[in-house]
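A structural walkthrough
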Amino acid sequence: MKKPKIMYIQDLSLSTLVLAEPGSSYQSKTNLYPWIEVLVDLSKLLTFKTNKIPEENVAIDETVEETLEKNLLNDVIPEQELSVDELSNKDLLIYKIPEHLDIKPGDILTVPIGAQQVGGIAIRLLSQPPANLGLEKIREVQDVVSKEFFSSIYWELLNRIAAYYYTPLIQVIRVALPPGLLGRSQSRLRLKPENIPNGAAEFLRSQAAKEILKILESQPDGDYSFQYLKRQVKGYYGEKKQLKERNWAESYFKFTQSKPQMKLAVTLVDHGRYMNLTKRQQEILKILGDHGGELWVTECVEICQTTLPTLRGLEQKGCLVIEEREKLRREQGPKIAGDQAKLLTPAQTNALETIKSLNGFAQILLHGVTGSGKTEVYLQAIAPLLNQGKSALVLVPEIGLTPQLTDRFRARFGNKVQVYLSALSDGERYDTWRQMFTGEPQVVIGTRSAIFSPLPNLGLIILDEEHDSSFKQDSPIPTYHARTVAQWRAELENCPLILGSATPSLESWVSIREQESRGAGSREQGEKIFPNYPILREF
C-alpha cells in the first residue's frame, strides 16, 4: 500500500498565486499556506466554571463565562469558521499564520477564542480558507508553544490511520489523546537562569521585555503562564521574543487537564554523622539512605516505624527536607515480590534467540498453547531493551487479562511498568500518558487503545492473544484493528512486532504461509518476516 503523506495539504489553487514585484522578496511559506486548522477543546471553555485555576492564571467570573458562552454559541465564532471538510467538528477552527511564525502540523499553539487564549494542536496547513468564510473573520495564531509535540513518526501513523479507515484526522487525534488533554492556560514561559548574565535587563531593547524579565525573576521557579504575563505587560506576545532569542527563557506546554495530586515527600540531605543525634534518629537516616534517600512520608513512616513529628525534628536539624510533590496517579496493583529470569526450554530459547537476532522491523508469530511459556519469552526479550534505554508496548485483548500480565511484569521490572486502559479514571489515564511522554524506558501494558501510547523510543511491540476479536474497534470511528495499526507502527518505528497466540488468527496464519511460499524473494524486498516460527508446547 502506498504510504500517505505526513501531513494533509489542500490542493493549491492557481488563482491564489501572486508574482513578487520587482525589488520584493518571495516568501513561499507565507504565500502558499498562510492558514492553519487548529484543534481546540471548546467543551472545556464552557465548563471551566467548576474548575479552580491558580491565582496567577486568568481570573474567571460569571461575566466572562456568560460572554464566552455568547461568543461561542451565538455565532461570534461562526460555523463557517470550521473546516469545510468537517463542519460537524466544532473543535476544529481556522487561523491565519503570522509571517514571523513557522508552524507545522503537530505543533502546540496558543490561539485566541473570544477574549481568551487557549492551547491547540496544529492539524493541517491550508492554501486558502473556505470560500464562505470572510478573511476579516479569521484571527491570527498568537504563538508556537511546543514544536513537534507529535513526532514525525507518530504524526505519520495518525495520518495513515485516517487515510486507510476514511476517518477525519481530527477524530483519530481524539482517540489517540487522553480525555480532556487540551485545556485552558497551557502555555507558559520560564527562565533559563544558567544563561542569564548579571545586569541582563540592560541588554534588552524595550521596557516591556525588561518588565517580563523582572516578573519572572521575582518568582522562585521563574515560571508564569502566558495569560498572567499578558495581563501584567502590555505587548507581551511580541516582547517576549527578546528573551527567547537570547535563550534566556523558553515557552512550553504544561498539561493542566486536572488538578495534580500532591503528597508529602521526605528527602535525605545530611546523614548527620557530625550531629548530636540519638541512636533512633541515626537508624532512620540510615534506612532512608538505603532506600535511595527519597520516600513518600507515608512510606517512610511505615518502613522506618516512626512518626511524622520525629521526621519533622530531623528536618529542623537540617538532616531532611519534607515538602509537597506531585504524585502521578497510576493504576495500583498489589505489591509483588521481585523475581529473576527463569531457565528456558529449548523451544523458548529458540524463540528468544530469533527475537534477539532481529535488527529493525520484523514480524514474529509466537505460536504456543496456553501455559507453554510465551510470557517468559516476552519478559526476557524486553529486559535488554530497557537496559538500552528503549521501551516496550504490550497489548492485551481484554481488561480482565491485564492484571495477570502486570503481576508478572511488575515482579520483573518493578515501577517501570505502566498500565493504560479505559477502566482507569481520567486522572489516572492522564498522568500515565504524561509519564509515557517523558521518554524514560518503560513497559506499557494496555488494551486496544494503548497502541497510541506516546513512547518516543519504542523498541518492541507485543500483541498477546493476537487472534482476539476485541482488538477490532467497532465504534466510534476510526474502526481500526490494533493488529494492523501495530504493524504500521512497528514499521515506522523500525522495531520488531511479536504476535503471540495459542490459536493464531486466519489472517496471521495465511500471512505465514504466503511468506513461506515466497521464500527468499520476500526477503529481497525487505520483508523480514521469518518463515520458520518458533512453536512453544506445554512442558
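Scroll up a little and you will see the structure.
Of the regular secondary structure elements, the protein chain holds 18 helices and 18 strands. Across the 539 residues of the protein chain, 50% fall into the buried class. Long-range pairs, those at least 24 residues apart, make up 78% of the contacts in the protein chain between residues at least 6 apart in sequence. Carbon and sulfur atoms form 50% of the exposed surface of the protein chain, whose accessible area is close to 26,900 Å².

Next up on the list: the environment of Ile-121. Take Ile-121: it is sitting in strand 4 (residues 116-126). A sequence separation of 29 residues divides Ile-121 from Leu-92, and the C-alpha atoms of the two residues are 9.5 Å apart.

Here the focus is the sheet that holds strand 3 (residues 108-113). As summarised here, the arrangement of the five strands in space is 2-1-4-3-5, forming an open sheet in which the pairing is antiparallel. If you trace the sheet from one side to the other, it starts and ends with strand 2 (92-96) and strand 5 (143-146), each paired once. The sheet shows a mean angle of 50° between the axes of neighbouring strands, direction not considered. Pairing geometry for strand 1 (residues 35-39) and strand 2, over five bridges, is antiparallel. Paired with Ile-36 across the two strands is Tyr-95, which belongs to strand 2. Contacting strand 1, strand 2 and strand 4, helix 5 (residues 169-176) runs over the sheet at an angle of about 35° to strand 1.

Side chains that differ in sign of charge can pair as their charged atoms come close. With the rule as written, the count across this model stands at 15 salt bridges. Among the ionic pairs, Glu-376 bridges to Arg-408, the shortest N-O distance being 3.1 Å. Placement of the pair is Glu-376 in helix 13 (residues 374-387) and Arg-408 in helix 14 (residues 402-413), with a sequence separation of 32 residues. One salt bridge in this structure joins Glu-376 and Arg-412, with 3.0 Å as the shortest N-O distance. Within this pair, whereas Glu-376 is found in helix 13, its partner Arg-412 is found in helix 14, the two being separated by 36 residues in sequence. What you see here is one network of salt bridges that share partners, running through Asp-339, Lys-342, Glu-376, Arg-408 and Arg-412.

Under the defined criterion, the tally for this structure stands at zero disulfides. Cysteine Cys-300 is unpaired, with the sulfur of Cys-304 as its nearest cysteine sulfur at 3.8 Å.

Moving on, we come to the packing of helix 12 (residues 346-356) against helix 13. For the pair helix 12 and helix 13, interaxial distance at closest approach is 10 Å and the crossing angle is 35°. Considering the relative orientation of helix 12 and helix 13, their crossing is right-handed. Residues Gln-348, Ala-351, Leu-352, Ile-355 and Lys-356 of helix 12 lie in contact with helix 13, whose contacting residues are Glu-376, Val-377, Gln-380, Ala-381 and Pro-384. Here the contact of helix 12 with helix 13 is composed, by residue class, of six nonpolar, two polar and two charged.

In this chain, Ser-475 is followed by Pro-476 through a cis amide linkage whose omega measures -5°. Positionally, Pro-476 belongs in the loop between strand 16 (458-464) and helix 16 (482-493). Omega for the peptide link from Ile-477 to Pro-478 comes to 0°, which places this bond in the cis form. In this fold, Pro-478 is placed in the loop between strand 16 and helix 16. Non-glycine residue Glu-465 carries a positive phi angle of around 55°. A residue is classified by how much of its surface remains accessible, and Glu-465, at 18% relative accessible area, is buried. Here Asn-494, not a glycine, exhibits a phi torsion of approximately 60°, which is positive. Position of Asn-494 relative to the elements: it lies in the loop between helix 16 and strand 17 (496-501). For Asn-494, a relative accessible area of 49% translates into the label partly exposed.

Our next topic: the packing of aromatic side chains. Describing an aromatic ring pair means giving the distance of the ring centres and the angle of the ring planes. What the rule picks out here adds up to six aromatic pairs. Arranged with centres 4.7 Å apart and planes meeting at 20°, the rings of Tyr-224 and Tyr-228 form a pair that is stacked. Judged by its relative accessible area of 12%, Tyr-224 is buried. Taking the relative accessible area as the measure of exposure, Tyr-228 reaches 18% and is therefore buried. Arranged with centres 5.4 Å apart and planes meeting at 80°, the rings of Phe-452 and Tyr-480 form a pair that is edge-to-face. You can see Phe-452 sitting in the loop between strand 15 (443-446) and strand 16 and its partner Tyr-480 sitting in the loop between strand 16 and helix 16, a full 28 residues away along the chain. For the residue pair Phe-452 and Tyr-480, the accessibility class agrees, reading buried in each case. Three or more aromatic residues joined by ring pairs form one cluster here, namely Tyr-164, Tyr-165 and Trp-488. One cation-aromatic arrangement involves Arg-246 over Trp-248; the distance from NZ or CZ to the ring centre is 5.3 Å.

Turning next to the pairing of strand 16. With seven of seven residues buried, strand 16 lies mostly within the body of the structure. Here strand 13 (residues 391-395) pairs with strand 16 via five bridges, running parallel. Within strand 16, the residue paired with Ala-392 across the bridge is Leu-460. Relative to strand 17, strand 16 runs parallel, the two being bridged by four bridges. Looking at strand 17, one finds that Asp-464 is bridged to Gly-500. Handedness of the β-α-β unit built from strand 16, helix 16 and strand 17 comes out right-handed.

Moving on, we get to the side chain of Lys-192. Inspection of the secondary structure assignment puts Lys-192 in the loop between strand 6 (187-191) and helix 6 (207-217). Of the side chains bearing the opposite charge, Glu-250 lies closest to the buried Lys-192, which forms no salt bridge; the N-O distance is 4.3 Å. The contact partners of Lys-192, leaving out residues within four places of it in the chain, are Asn-247, Trp-248, Ala-249 and Glu-250.

Of all hydrophobic cores here, the largest spans 69 residues; its most connected members are Leu-158, Leu-243 and Phe-452. Residues Ala-381, Ile-382, Ile-445 and Ile-498 belong to the second largest nonpolar core, which totals 24 residues.

Before going further, it helps to spend a moment on the pairing of strand 14 (residues 417-420). Taken residue by residue, a regular strand's side chains alternate between the two faces of the sheet. Burial of the side chains of strand 14 extends over both faces: Val-417 and Val-419 are buried on one face and Gln-418 and Tyr-420 on the other. Assessed by its sense of winding, the connection that carries the chain from strand 14 through helix 15 (residues 426-437) to strand 15 is right-handed.

Conventions and cut-offs
- Residues numbered from 1 in each chain as written.
- Predicted model: local features only at pLDDT ≥ 70, side-chain atom pairs only at ≥ 80, totals over all residues.
- Heavy atoms only, no water.
- Helix = DSSP H or I, 4+ residues; strand = E, 2+ residues; numbered from the N terminus.
- Buried < 20%, exposed > 50% of the residue type's maximum accessible area, 1.4 Å probe, protein only.
- Contact = heavy atoms within 4.5 Å.
- Areas by Shrake-Rupley, 256 points an atom, 1.4 Å probe, with all protein chains shown as cover.
- Pairing = 2+ DSSP bridges.
- Axes fitted to C-alpha atoms, helices over the stretch in contact; angles between N-to-C directions.
- Salt bridge = Lys/Arg side-chain N within 4 Å of Asp/Glu carboxyl O.
- Disulfide = S-S within 2.5 Å.
- Left-handed = near helix turned anticlockwise from the far one by under 90°.
- Nonpolar A, V, L, I, M, F, W, Y, C, P; charged D, E, K, R; others polar.
- Phe/Tyr/Trp six-rings, centres within 6.5 Å; stacked < 30°, edge-to-face > 60°.
- Lys NZ or Arg CZ within 6 Å of the ring centre and 35° of its normal.
- Right-handed = clockwise from strand over helix to strand, strands pointing away.
- Lys, Arg positive; Asp, Glu negative; His and termini not counted.
- Core = buried A, V, L, I, M, F, W, Y, C linked by side-chain atoms within 4.5 Å.

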